[in-house]
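Structure at a glance
The primary structure of each chain is shown beneath.
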Amino acid sequence: TGTHVLLSTSFNNNVEPIVESAWDAVECFLTTGIDRLVIGDHIIERLPFTSAALGGCVAAVPPHLTLNSRIGRGSERVRGTSYYIATTAKYAFEQPISANAFEVMARCDGDTSLHTLLDALVPSPSRTVVLEEIRELWSSRLVTLRPRRR
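Here the structure is a predicted model, which is why all the values come from computation and not from measurement.

1. Describing the pattern of salt bridges
Evaluation of the coordinates by the stated rule reveals 9 salt bridges. The salt bridge partner of E27 is R146, with a shortest N-O separation of 2.6 Å. Of this pair, E27 sits in helix α1 (residues 22–30) while R146 sits in strand β7 (residues 144–147), and the two are 119 residues apart along the sequence. In this structure E27 comes out as buried when scored by relative accessible area, which is 6%. Overall, R146 belongs to the partly exposed group, its relative accessible area being 33%.

2. Regarding the nonpolar core
Ranked by internal contacts, the top residues of the largest apolar core, which has 23 residues, are V104, I134 and L145. Per element, the largest residue contribution to this core is 5 residues, and it comes from helix α5 (residues 127–139). In this structure, A25, C28, F29 and L37 belong to the second largest nonpolar core, which totals 5 residues.

3. What to know about the pairing of strand β2 (residues 42–45)
Where strand β1 (residues 36–39) and β2 come together, 4 bridges link them in antiparallel fashion. Bridge pairing in β2 links L37 to I44. Between β1 and β2, which pair antiparallel one after the other, the connecting turn spans 2 residues, and G40 there sits at a positive phi close to 60 degrees.

4. Looking at the pairing of strand β5 (residues 81–87)
With 5 of 7 residues buried, β5 is to be regarded as a mostly interior element. The sheet contact formed by strand β4 (residues 65–71) and β5 spans 7 bridges and is antiparallel. Paired with I71 across the two strands is T81, which belongs to β5. Pairing analysis gives 4 bridges linking β5 to strand β6 (residues 94–97), with the strands arranged antiparallel. When the sheet's bridge partners are listed, I85 is paired in β6 with Q95.

5. Quick notes on helix α4 (residues 114–121)
All of the buried residues along α4 are L114, L117 and L118. Looking down the long axis of α4, one finds its buried residues gathered within 100 degrees of arc, a one-sided arrangement. Tucked inside the fold, the buried residues of α4 contact α2 (51–55), β3 (57–60), α3 (99–106), α5 and β7.

Each value, and the rule that gives it
- Residues numbered from 1 in each chain as written.
- Predicted model: local features only at pLDDT ≥ 70, side-chain atom pairs only at ≥ 80, totals over all residues.
- Heavy atoms only, no water.
- Salt bridge = Lys/Arg side-chain N within 4 Å of Asp/Glu carboxyl O.
- Helix = DSSP H or I, 4+ residues; strand = E, 2+ residues; numbered from the N terminus.
- Buried < 20%, exposed > 50% of the residue type's maximum accessible area, 1.4 Å probe, protein only.
- Core = buried A, V, L, I, M, F, W, Y, C linked by side-chain atoms within 4.5 Å.
- Pairing = 2+ DSSP bridges.
- Arc of directions from axis to C-beta.
- Contact = heavy atoms within 4.5 Å.

Structure below.
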């Protein structure tokens with residue numbers, strides 16, 4: 001037909017199994033470099049991420065991951081609390097996160113938007129940085145983002 005198409009028989013990213021639903025396909029599309037996604041009669045194209053759109057989402061930590069904190073040991077210079085997301089599986093995996101991102105993610109309840117949580121918990125100059133950090137965690141599949149139910 002002269003129409004170029006790439007068909008991947010293992011449609012997934014580097015950290016998840018093959019997509020099983022339209023929602024999985026959309027999440028994979030949004031968190032990878034895929035140009036367009038075709039689902040049935042629909043062709044989906046990427047729009048630029050905006051803070052307003054992202055902040056209106058609801059975030060969560062997937063069930064196979066946990067939020068953790070650790071108080072440092074050693075000399076006075078090394079002491080302090082570190083924050084990270086870790087797997088609940090047998091192999092050890094830890095992704096460091098900022099204290100602000102930890103506070104926001106710890107208070108995600110499945111209903112409150114990121115903007116509401118950021119406004120309540122994070123000083124104004126840091127909100128954009130924390131929102132970008134959460135977007136990166138989402139792209140790495142360490143948090144989930146969903147539209148807020150109305």
